[in-house]
Amino acid sequence: MVAYRTLRRSLLAGVVLVLLAAPLWAQGSELKLTLRRDWGYGGFGGDIQGTFSFAATAPPDTVAVDFYIDDQLVATDTQAPWRYQFQTDDYALGTHVMRAVGHTAAGATMASNTVTNTFVSASQGQAVLVRFVLPLVGVLLLAFIIGTLISVRRSRRQGGSAAGPWGVAICPKCGRPFAMHLFGLNLGTRKYDRCPHCGKWSVVRRASQAELAALEAAAAPGPAVTPGPGPDDVEAQRRQRLEDSRFEDV
Ligand SMILES: [Zn+2]
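Calculation criteria
- Residues numbered from 1 in each chain as written.
- Predicted model: local features only at pLDDT ≥ 70, side-chain atom pairs only at ≥ 80, totals over all residues.
- Heavy atoms only, no water.
- Donors = N, O, S within 2.8 Å, 3.2 Å for Na, K, Ca; no water.
- Helix = DSSP H or I, 4+ residues; strand = E, 2+ residues; numbered from the N terminus.
- Buried < 20%, exposed > 50% of the residue type's maximum accessible area, 1.4 Å probe, protein only.
- Core = buried A, V, L, I, M, F, W, Y, C linked by side-chain atoms within 4.5 Å.
- Contact = heavy atoms within 4.5 Å.

A few words now on the coordination of the zinc ion. Taken together, the protein donors to the zinc ion comprise C171 (SG), C174 (SG), C195 (SG) and C198 (SG), at separations of 2.2 to 2.4 Å. Within one chain, the residues serving as donors to the zinc ion are arranged as C-x2-C-x20-C-x2-C. Residue C171 is found in the loop between β9 (168-170) and β10 (177-179), and its partner C195 is found in the loop between β12 (190-194) and β13 (201-205); the two are separated by 24 residues along the sequence. Assigned by exposure class, C171 and C195 land together as buried.

As structure tokens, this is what we get:
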């Protein structure tokens, strides 16, 4: 048992050491190039269009970094942070291999990793955006409609038509019940909705019949709800109507 614990502890220490050391390795003696999207389209399968930046991390003794698109030197940065911003439209459409070369004060050179992307035209970028994003919006809309239909059906089955199709929630802020709204944000079985009594937004769920009954009982200490017309009243009304009709001109 003790041996197991010690083993586990040393394993844990090992993992922590590796996690701590990882950034140090990354910072090490190598030149690392990444491409950042500043404005534009960075899409599927490495297609890019717009304003992008080379960003390099280099060892402290670096004095200059050259940025290349294919074999064309596009810029030399002589000061950290090692950056260079460019427009993809300034270069030929198609696949490009980008890389950086670092220079140290001692005159050594370092090659970076390469980054490969396909420069596409603005209209191509938009076309892809439309092709992928519009269907996604459609799917989300469909999911919303289906979710709404399901909750309407469920509340009908529970006979909650008076409470609105989305059911009644109890406000956690002021403790009063309110009918949930269509515009409330659906979060699975919960909803982010606004209480009309106190005006506060909170995550609520449909209250059970028991919870509502308990709330009603607590809220009304005196005689409960005003009673509707009893059978005697109905009979009296009918007789009154009969009486009245006698004096109507026909
Ligand atoms: Zn409230």
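With that settled, the discussion passes to the nonpolar core. Note on soluble globular proteins: their nonpolar side chains tend to be buried together. With 19 residues, the main nonpolar core has F54, V65, F67, I69, V74, F86 and F119 as its most contacted residues. Residue assignment for this core shows that the elements contributing at least two residues are β2 (47-57), β3 (62-69), β4 (72-77), β5 (82-87), β6 (94-104) and β8 (115-119). In terms of residue count, the dominant contributor to this core is β2 (four residues). Excluding residues within four positions of it along the chain, V74 makes contact with F54, F67, Y68, I69, Y84 and Y91. Residues W166, A169, C171 and C195 belong to the second largest nonpolar core, which totals seven residues.

Attention shifts here to unusual backbone geometry. Residues A80 and P81 are joined by a peptide bond in cis, for which omega reads -5 degrees. For P81, the position within the fold is in the loop between β4 and β5. The phi torsion at D70 lies on the positive side, around 55 degrees, for a residue other than glycine. Its relative accessible area of 30% is what places D70 among the partly exposed residues.

In short, shape yes, function no, at least from these values alone.
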